[in-house]
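Inside the fold
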Amino acid sequence: MNLQQIRHNDTLREKLASEYVLGTLRGGARRRFESWLRDDAALQRSVAEWQERLNPMAEFAPPVAPSPQVWHAIEKQLDLRSVRINQSRKSFWLGLREDLAFWRGLGMASTTLAAILVTVLLTRLPEPGVAPASYVATLSDDKAQPVMVITGDTKRQQLTVKVVTQQQVAADKSLELWAVPKEGTPRSLGLVAANGTVTLPLPENATPASVPVLAISLEPKGGSPNPNAPSGPVIYKGAWLQI
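Once a new chain begins, its residue numbering starts again from 1 and follows that chain's sequence as written. At least 70 in pLDDT is required for a residue's local features to be given in this predicted model, at least 80 for side-chain atom pairs to be given and counted, and no such filter applies to totals for whole chains, interfaces and linings, which use all residues. Side-chain numbers come from the whole structure's heavy atoms, not from hydrogens or water.

1. What about the overall build of the protein?
Formally: Each helix is a run of DSSP H or I of at least 4 residues and each strand a run of E of at least 2, with the numbering of both proceeding from the N terminus. With a 1.4 Å probe rolled over the protein chains alone, any residue whose accessible area is under 20% of its type maximum counts as buried; one over 50% counts as exposed, and the rest are partly exposed. The contact rule is simple, with two residues in contact once any of their heavy atoms fall within 4.5 Å. In this description, accessible areas are obtained by the Shrake-Rupley approach with a 1.4 Å probe, and a residue is regarded as covered only by the protein chains that are shown.
Within the protein, the regular secondary structure consists of eight helices and nine strands. Counting all 243 residues of the protein, 40% fall into the buried class. Long-range pairs, those at least 24 residues apart, make up 62% of the contacts in the protein between residues at least 6 apart in sequence. For the protein, the accessible area works out to roughly 13,900 Å², and carbon and sulfur atoms hold 54% of it.

2. Examining the environment of A42
Considering the arrangement of structural elements, one finds A42 in helix α4 (residues 41–54). Assessed through its relative accessible area of 26%, A42 is described here as partly exposed.

3. Considering the confidence of the model for the protein
Test applied: The predictor attaches a confidence to each residue, and that confidence, scored 0 to 100, is pLDDT.
Confidence in the prediction for the protein averages 75 pLDDT; 70% of positions are at 70 or higher. With pLDDT under 50 throughout, residues 85–112 is counted as low confidence; its partners more than four residues away or in other chains account for 35 contacts.

4. A word on the nonpolar core
Quick reminder of the rule: As used in this record, nonpolar core signifies buried Ala, Val, Leu, Ile, Met, Phe, Trp, Tyr and Cys residues forming a set joined through side-chain atoms within 4.5 Å.
Judged by nonpolar contacts, the single largest core of 24 residues is most densely connected at L139, M148, L177, L214 and W240. For this core, the secondary structure elements donating two or more residues are β1 (135–140), β2 (146–153), β3 (158–163), β4 (173–180), β5 (187–192), β6 (197–201) and β7 (213–220). Within the second largest apolar cluster, 11 residues are counted, among which are L16, Y20, F33 and L43.

5. Looking at the pairing of β6
Defined as follows: Note on pairing: two strands pair once DSSP finds at least 2 bridges between them.
Only one face of β6 is covered, namely the one carrying V198 and L200; the face carrying T197, T199 and P201 has none of its residues buried. Pairing between β3 and β6: five bridges, direction antiparallel. By the bridge assignment for β6, L159 is matched with L200.

6. Some thoughts on the environment of E219
The condition that has to hold: For this analysis, a polar contact is any N or O atom pair within 3.5 Å, provided that within protein one partner can donate a hydrogen and the other can accept it, and provided that sequence-adjacent residues contribute only side-chain to side-chain pairs.
Along the chain, the position of E219 falls in strand β7. The buried category is assigned to E219, whose relative accessible area is 0%. In the structure, E219 is positioned 45 residues away from S174 in sequence and 5.1 Å away in space, judged by C-alpha atoms. For E219, the contacting residues outside a window of four places in its chain are D172, K173, S174, E176, W178, S224, P230, S231 and G232. Within the structure, E219 has its side chain in polar contact with the side chain of S217 (distance 2.7 Å).

Here it is as structure tokens:
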């Protein structure tokens, strides 16, 4: 792969830019990308756009380090100790250690970001006959615990809100979904359930380019009396990303 191939392949450009920002592009591939990045203004814009999409996550997702038991389980599952003993496969072991160090470093990042990565990977592999989602967001609470996964289907013009962590909501309260634009006031996208899956209309202008964040507020029964803003506290939020 060379710089000319990247310049004339928009899909490859976006893929490399996103992996670079997320930290999953590493080693020699990352160094080559950085050398191309210095002299390619279009590639710099792609990286800047991905950084802008993910920056909202830093506002509410504190770093969380996995416990030592997690890494012990990974080492056991990959059988790394037996690889260490086998000196004839020393180079292979070094490669695995490098990978393990990478995942440890990635684990220091937000658990919300990790949830988004998993969601993106899963939505890129739809079931046969099911159109893939165009947009995705993982909404988390103030402890960075994923609560809802929201996908947007531009062909069907619908949002699918799936609760992944069961919630308890009082009978006199409702959960309301909001699009938080780069400029202007928030826009209500409808009421959602505390459990299960809900389908809502997807407005044409609710794209990640104009709406970088989705949020859930706790409202009186029936929703906020103010159509331009939540009246109750915002309890979940997450970056709205294009797949």
